[in-house]
Amino acid sequence: MRIAVAGGTGTVGRHVVAVARERGHDVVGISRAEGVDLVNGRGLYQALQGAETVIDVSGIQTVSTKKSVDFFTNATQNLLAAEKQAGVKHHIALSIVGIDKANSGLYAGKLVQEDEVRHGGIPWTLLRSTQFHEFVPMTVKAASAGPAVLVPKMFTQPVAAKEVAIALVDAAEAGPRGRVPDLGGPRAEQLKDLVKAYLAKTGQKKRIIPLHVPGPIGKAMRKGGLIPAAGAAVGRQTFLEWLEAGGAA
């Protein structure tokens, strides 16, 4: 089938594009790099011509609730409107495990996105996953201050981005199914332990300073609210296996 991938150059999107093409699908990327803008809708209708399915893995890196809500509201509404015009039959969205327990920042935007998809008039599938292995180096990059890195107190169960991509392409081939089982990695771990392993592997001598994140999102991090419940799908590759395979390169 012809599959359009919103955010096709991102952490998961590039794997979605590769997996879908390996399976013989005709894939078109939707991103600013391809001249398409989700926020203002520029080029969307043209990009979706002939597409049967859209996989939306677009995103924004922000801790601002307003910026997140604005992005996902505009992007999702524009995408769904263009899909209706183009005759798209199936909309698939990637979301995050536990967002209903922490309605702020990025998670607030993802909740809005989910609601738009459910009521958007296009048959849909929604997959929530845990953070990807790449979340660890992203944390180190964003939270480093000289020789120190601030690491939130957080239980996490990271999953390989490629395994998330495979699940999304599986969903495209299966057709609309509504909310499907959440997907997490094979092990629940403390974020600080993963950061320590990443720093050692990459030869970075940084001191880890635990960070107590306030509010509902911090409580969800500390109490395991971002860990999948029983019955979730479980990935295979652990964080340490990802590191050893060169994921941090």
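All values derive from a computational prediction rather than experimental measurement. (Residues numbered from 1 in each chain as written. Predicted model: local features only at pLDDT ≥ 70, side-chain atom pairs only at ≥ 80, totals over all residues. Heavy atoms only, no water.)

Tallying secondary structure elements over the protein chain gives nine helices and 13 strands in all. Here the protein chain has a C-alpha radius of gyration of 18 Å; the compact-globule value for 249 residues is 18 Å, and the two agree. C-alpha atoms of the protein chain, sized along the principal axes, occupy 55 × 35 × 35 Å. Counting the 249 residues in the protein chain, one finds 51% classified as buried. Look at the contacts in the protein chain between residues 6 or more apart in sequence, and 81% of them connect residues 24 or more apart. When the accessible surface of the protein chain is summed, it comes to about 11,400 Å², and 54% of that surface belongs to carbon and sulfur atoms. A distance of 8 Å separates the average location of the 30 positive side-chain charges in the protein chain from that of its 21 negative side-chain charges. (Helix = DSSP H or I, 4+ residues; strand = E, 2+ residues; numbered from the N terminus. Rg over C-alpha atoms; globule rule 2.2 N^0.38 Å. Buried < 20%, exposed > 50% of the residue type's maximum accessible area, 1.4 Å probe, protein only. Contact = heavy atoms within 4.5 Å. Areas by Shrake-Rupley, 256 points an atom, 1.4 Å probe, with all protein chains shown as cover. Lys, Arg positive; Asp, Glu negative; His and termini not counted. Charge placed at Lys NZ, Arg CZ, Asp CG, Glu CD.)

Under the definition given, this model contains 10 salt bridges. Here Asp170 makes a salt bridge to Arg23, at a shortest N to O gap of 2.7 Å. Of this pair, Asp170 sits in helix α6 (residues 161-174) while Arg23 sits in the loop between α1 (13-22) and β2 (26-30), placing them 147 residues apart in sequence. On the basis of relative accessible area, Arg23 is assigned to the partly exposed category, the value being 34%. The closest approach of N and O atoms between Lys66 and Asp70, which form a salt bridge, is 2.6 Å. Of the two residues, Lys66 and Asp70 are both situated in helix α3 (residues 65-86); the distance of four residues between them amounts to about one turn of the helix. Asp70 sits in the partly exposed class, given a relative accessible area of 33%. (Salt bridge = Lys/Arg side-chain N within 4 Å of Asp/Glu carboxyl O.)

Right, let's get into the sheet that holds strand β6 (residues 144-145). Strand order in the open sheet formed by three strands is β6-β7-β12, and the pairing between neighbours is mixed. Since the sheet does not close on itself, it has two edges, and those belong to β6 and β12 (207-211), each with one partner. Here β6 pairs with strand β7 (residues 148-152) via two bridges, running antiparallel. When the bridges of β7 are listed, Ser144 appears paired with Val149. Across the sheet, helix α7 (residues 191-202) is in contact with β7 and β12; its angle to β7 comes to roughly 150°. (Pairing = 2+ DSSP bridges. Axes fitted to C-alpha atoms, helices over the stretch in contact; angles between N-to-C directions.)

It is worth spelling out the pairing of strand β3 (residues 53-56) at this point. Neither face of β3 is open: one carries Thr53 and Ile55, the other Val54 and Asp56, and all of them are buried. Relative to strand β4 (residues 90-96), β3 runs parallel, the two sharing four bridges. Following the sheet pairing, Thr53 is matched in β4 by His90.

Interaxial distance between α3 and helix α4 (residues 105-118) falls to 7 Å at its minimum, and their mutual angle equals 25°. Judged by the inter-axis angle, α3 sits roughly parallel to α4. Seen from above, α3 lies across α4 with right-handed handedness. On α4, the residues that touch Thr65, Ser68, Val69, Phe72, Thr73, Thr76, Gln77 and Leu80 of α3 are Gly105, Leu106, Ala108, Gly109, Lys110, Val112, Gln113, Glu116 and Val117. Residue classes in the contact of α3 with α4 are distributed as seven nonpolar, eight polar and two charged. (Parallel < 35°, antiparallel > 145°, perpendicular 65-115°, else oblique. Left-handed = near helix turned anticlockwise from the far one by under 90°. Nonpolar A, V, L, I, M, F, W, Y, C, P; charged D, E, K, R; others polar.)

Scope: geometric values only; no functional claims are made or implied.
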